[in-house]
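Remarks on the overall topology
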Amino acid sequence: MAISAQDVKQLKEMTNCGMMDCKRALEEANGDVDAAVKYLREKGLAKAAKKSGRIAAEGLVYAKIDEAKKIGALVEVNSETDFAAKSDRFIEFVDMVAQTVIDNDVADVEALLAVKMSGTDETVQDVLTERIATISENIKIRRFARLEGNLFSYIHNGGGSIIGSIIKIDCDDANDEVVKQCAKDLLLQITASAPQFVSQADVPGSVIEDEKEVQMALVMKENESAAKPKPQNVLEKIVEGRMKKFAEEICLMDQSYIKDPDTTVAKYIAGLGKGIKIDTFVRFEKGEGLQKKEENFADEVASMIG
């Protein structure tokens, strides 16, 4: 029988499931809404949809590199609790997502959800829905990066923090042990110091201008309350000094090298003499920018029995 858009809409509002899942359920139930609800519950889809409103700020940052293809992926997949993130089912899912990113050059998470999960005949969305139901927590594929070339990765997992970095390096020989050690050191630097750009040449002009405006406003405000105000040309020199420090903080090549603070990353690389050039890097920190849900324990218990 024909399924109307209104019926699909009604079932979606009742279950909070996806439109296609609702349409499929109504087709299976010959248009019977109550039977369709039961079908969705039996499939675990309604259960998964109910959990989709929960805040997922735990999870994993995970890196995977296909050495043969020279393609790598850095992904962040979030869960509600650290306990779930450590489960075999969750870790397996994250690994599958990373492999799918390697196998499919897609633009964003929405496009990723629509392709087939590597090693299966199901879409990433279908597998995600199944894992939400079986793990009994909301799970979200938050972001990913896909790089091609001479790639190296590092995952820091300690003190409740999970930070992952992946770097692409141009060099004479990616298998050279000196190059490998350099890549490891650079990944440690990126993980610890959180640079935003490789070099000053990569920083958008708008970022520089915005920071200049901020620093000039701060300097002028400081000057207003100074016992002996400084002339404009001196203020500009102060801002220039602060901008130099700003560049050192956000640009990897200008940062002090973590193993030798008396030199910069640029000088460290140049001193190795292996034709090493940093092409790009990506750094993800688990849950950065996400608000964790905080609940009063008594209210939580009350909500469970109310």
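Everything that follows concerns the structure shown earlier in this document.
A short tour of the structure in this document, coming up. (Residues numbered from 1 in each chain as written. Predicted model: local features only at pLDDT ≥ 70, side-chain atom pairs only at ≥ 80, totals over all residues. Heavy atoms only, no water.)

**Digging into the pairing of strand β7 (residues 260-264)**
Pairing of strand β6 (residues 256-257) with β7, which is carried by 2 bridges, proceeds in the antiparallel orientation. Of the residues in β7, the one forming a bridge with S256 is T264. Hairpin connection between β6 and β7: a loop of 2 residues separates the two successive antiparallel strands. (Pairing = 2+ DSSP bridges. Helix = DSSP H or I, 4+ residues; strand = E, 2+ residues; numbered from the N terminus.)

**A look at the pattern of salt bridges**
Scanning the model with the defined rule gives 20 salt bridges in all. The salt bridge involving K86 is made with D82; its shortest N-O contact spans 3.1 Å. Judged by its relative accessible area of 33%, D82 falls in the partly exposed class. The partner of E148 in a salt bridge is R146, and the shortest N-O contact between them spans 2.9 Å. Members of the salt-bridge network, linked through shared partners, are E76, R142, R143 and E288. (Salt bridge = Lys/Arg side-chain N within 4 Å of Asp/Glu carboxyl O. Buried < 20%, exposed > 50% of the residue type's maximum accessible area, 1.4 Å probe, protein only.)

**Digging into the packing of aromatic side chains**
In the structure shown here, the tally under the stated rule is 1 aromatic pair. Centre to centre, the rings of Y257 and Y268 are 4.1 Å apart; their planes meet at 10°, and the pair counts as stacked. Of the two residues, Y257 is situated in strand β6 and Y268 in helix α12 (residues 265-272); the sequence distance between them amounts to 11 residues. The buried category is assigned to Y257, whose relative accessible area is 6%. The class of Y268 is buried, set by a relative accessible area of 14%. Above the ring of F284, the side-chain terminus of R143 is found at 4.2 Å from the ring centroid. (Phe/Tyr/Trp six-rings, centres within 6.5 Å; stacked < 30°, edge-to-face > 60°. Lys NZ or Arg CZ within 6 Å of the ring centre and 35° of its normal.)

**Examining helix α9 (residues 177-193)**
With 17 residues, α9 extends 24 Å from end C-alpha to end C-alpha; this agrees with the ideal 24 Å at 1.5 Å per step. Inspection of α9 places V179, C182, A183, D185, L186, L187, Q189, I190 and T191 among the buried residues, and these make up the whole buried set. Where α9 is buried, its residues touch β4 (151-158), β5 (161-170), β6, α12 and β8 (277-285). At the N-terminal boundary of α9, the capping side chain belongs to D176, with an oxygen 2.7 Å from the backbone nitrogen of V178. Just downstream of α9 lies A194, where phi reads positive at about 50°. (Expected span 1.5 Å × (residues − 1). Contact = heavy atoms within 4.5 Å. Polar contact = N/O pair within 3.5 Å; in protein donor to acceptor, adjacent residues only side chain to side chain.)

**Examining the packing of helix α6 (residues 88-103) against helix α8 (residues 124-135)**
Packing of α6 against α8 brings their axes to within 11 Å, and their N-to-C directions diverge by 170°. By the criterion of interaxial angle, the relationship of α6 to α8 is roughly antiparallel. Taking contact as the criterion, the partners of R89, F90, E92, F93, M96 and T100 in α6 are, on α8, V124, V127, L128, E130, R131, T134 and I135. Here the residues of the contact of α6 with α8 sort into 7 nonpolar, 2 polar and 4 charged. (Axes fitted to C-alpha atoms, helices over the stretch in contact; angles between N-to-C directions. Parallel < 35°, antiparallel > 145°, perpendicular 65-115°, else oblique. Nonpolar A, V, L, I, M, F, W, Y, C, P; charged D, E, K, R; others polar.)

**Remarks on unusual backbone geometry**
In this structure, N30 takes a positive phi of about 55° despite not being glycine. Take N30: it is sitting in the loop between α2 (19-28) and α3 (33-42). Positive phi outside glycine occurs at K70, with the angle close to 60°. Here K70 shows up in the loop between β1 (58-66) and β2 (71-79).

**Looking at α2**
Looking at α2, one finds that the buried residues are D21, C22, A25 and L26. Across the axial projection of α2, the buried residues extend over an arc of 135°, all falling on one side. In α2, the exposed residues that point more than 90 degrees away from the buried face are M20 and E28. Immediately beyond the C-terminal end of α2, within one or two residues, lies N30, with a positive phi of roughly 55°. (Arc of directions from axis to C-beta.)

What is shown is where atoms sit, not what they do.
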